[in-house]
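Spelled out, the chains give:
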Amino acid sequence: MIDTMERPATLEKPVTADKETKKVKRVLIICSKGKLEDVYAALVMANGALMEGIEAKMFFTFFGLEAIKKTNADHLHTATVGNPAFMPGMPTVLAGLPGFEAFASFMMKKEMDKLEMPHVTEFFQMIDAGGGEIYACKLAADMFHLKKEDFIPEVKDIITVGDMYALAEGEGTHMVFI
Amino acid sequence: METVLTQALPVNKEGYLLDSKLWTPEWAKEVAAQLNITLTDKHFEVLKWLRDKHASGVPLTIRKVGASGLVDIKEFYALFPGGPLKISSKIAGIPKPASCI
């Protein structure tokens, strides 16, 4: 049972005063990719921060915008071509067959459902409910001709790179780039 | 300042109750007070739900609490600010949640 499970000693160390003052207070997660696994990495980290009482801000740019587009958020795919870690030994010519990517993504989502991982839009709702903030990159939005109404309602604003750095202001901020 | 619990029960290094069966509402109130939370009936409803789920061996996640019908996720964060699942589990006298979602 979980009750009796011992964690490694390093995880159980009492929090020292030094550790207390240097705590992670805020994370800024920049997601520049639109692949299922990259977007989930960003979502899990942002939500995980909120669960620990750490402020979380997310900034989506370039292909990352796919994750916050109303029409696409729940239809992200994993890459079957150009991804050597995906089914090692699978010839690229087969992995590139029509429908293969959709099938692989479907299978992956099925595994995620088993772990009760929320779908992308629900994940954003959870992050929003937990006080997390979600932003889109102005330059990328302009480039892809996207407006605020094209994004899911949890997107607070479309902001510049300067505004993004302002989100990271303050001591104890960590930035993650995906 | 660290206040001393009048209802001292055995806890682990992180303050989680070692045996969830020893839990009492009075102990919960004191632990919550140390975390600057004043427990209301709503808090107790959530704590009871968490304890019931734990007793039946269900791994807990924030998402499940949100789907419990008692509180939505936003309310859960408001009831137990600063890491709701960890803090509520501590007050509920159940082990630290081992969930990533």
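(A) Region of interest: helix H5 (residues 84-92) of chain B. With seven of its nine residues buried, H5 of chain B lies for the most part within the structure. All buried positions along H5 of chain B are accounted for by Pro 84, Leu 85, Ile 87, Ser 88, Ser 89, Ile 91 and Ala 92 of chain B. Where H5 of chain B is buried, its residues contact helix H3 (36-51) of chain A together with helix H1 (25-34), helix H2 (41-55), helix H3 (62-66) and helix H4 (73-79) of chain B. Within two residues after H5 of chain B, Gly 93 of chain B carries a phi angle of roughly 75 degrees, on the positive side.

(B) Seen up close, the environment of Pro 153 of chain A. All names here are of chain A. Relative to the elements of secondary structure, Pro 153 occurs in the loop between helix H7 (138-143) and strand E4 (155-159). Here Pro 153 falls in the exposed class, since its relative accessible area comes to 68%. Taking the C-alpha atoms as reference, Pro 153 lies 32 Å from Asn 83; in sequence the two are 70 residues apart.

(C) Main features of the sheet that holds strand E3 (residues 133-137) of chain A. All names here are of chain A. If you walk across this open sheet you meet the five strands as E4-E3-E2-E1-E5, and the pairing is parallel. The open sheet terminates on both sides in strands that have one partner only, identified here as E4 and strand E5 (173-177). Each strand of the sheet is rotated relative to its neighbour by a mean of 20 degrees, with strand direction disregarded. Pairing geometry for E3 and E4, over four bridges, is parallel. Bridging across to E4, Ile 134 finds its partner in Val 155.

(D) View of the interface of chain A and chain B. On the side of chain B, 19 residues touch chain A, which itself brings 20 residues to the contact. Between chain A and chain B the total buried area reaches about 1900 Å² when both faces are included, carbon and sulfur atoms providing 58% of it. The interface formed by chain A and chain B holds three salt bridges in total. Two residues, Lys 64 of chain B and Glu 116 of chain A, come together in a salt bridge whose shortest N-O distance is 3.8 Å.

(E) Region of interest: a nonpolar patch on the surface. On the surface, Phe 62, Phe 63, Met 143 and Phe 144 of chain A cluster together to form a nonpolar patch covering roughly 380 Å² of accessible area. Its location among the elements puts Phe 144 of chain A in the loop between H7 and E4.

(F) Main features of the pattern of salt bridges. Residues and elements named next belong to chain B. Overall, the coordinates contain 14 salt bridges over all chains when judged by the stated rule. As a salt-bridge pair, Glu 14 and Lys 96 come within 2.9 Å of each other at their nearest N and O atoms. Of the two residues, Glu 14 is situated in the segment before H1 and Lys 96 in the segment after H5; the sequence distance between them amounts to 82 residues. Looking at Glu 14, the relative accessible area reads 27%, which means it is partly exposed. For Lys 96, a relative accessible area of 23% gives the class partly exposed.

Parameters and conventions
- Along each chain, the written sequence defines residue order, and numbers are assigned to residues from 1.
- Naming scheme: in the order in which they are written, chains are lettered from A and ligands are numbered from 1.
- Predicted model: local features are reported for residues with pLDDT of at least 70 only, side-chain atom pairs are reported and counted for 80 or more only, and whole-chain, interface and lining totals are derived from all residues.
- Excluded from the side-chain calculations are hydrogens and water; all other atoms, namely the structure's heavy atoms, are used.
- With a 1.4 Å probe rolled over the protein chains alone, any residue whose accessible area is under 20% of its type maximum counts as buried; one over 50% counts as exposed, and the rest are partly exposed.
- Secondary structure counts use DSSP, requiring at least four H or I residues in a row for a helix and at least two E residues in a row for a strand, with both numbered from the N terminus.
- What makes two residues a contact is simply this: any of their non-hydrogen atoms within 4.5 Å.
- Strand pairing requires that DSSP identify at least two bridges connecting the strands.
- Axis definition: a line fit to C-alpha positions, over the contact stretch in the case of helices; interaxial angles, taken between N-to-C directions, run 0 to 180 degrees.
- Values labelled buried area give the accessible surface lost by two parts on being combined, using a 1.4 Å probe and summing over both.
- By definition here, a salt bridge exists when the distance from a side-chain nitrogen of Lys or Arg to a carboxyl oxygen of Asp or Glu is within 4 Å.
- Without a salt bridge and with relative accessible area above 30%, a residue can belong to a patch; like charges are then joined within 9 Å and nonpolar side chains (Val, Leu, Ile, Met, Phe, Trp, Tyr) within 5 Å.
- Calculation of accessible area relied on Shrake-Rupley with a 1.4 Å probe; when residues are assessed, cover is drawn exclusively from the protein chains displayed.

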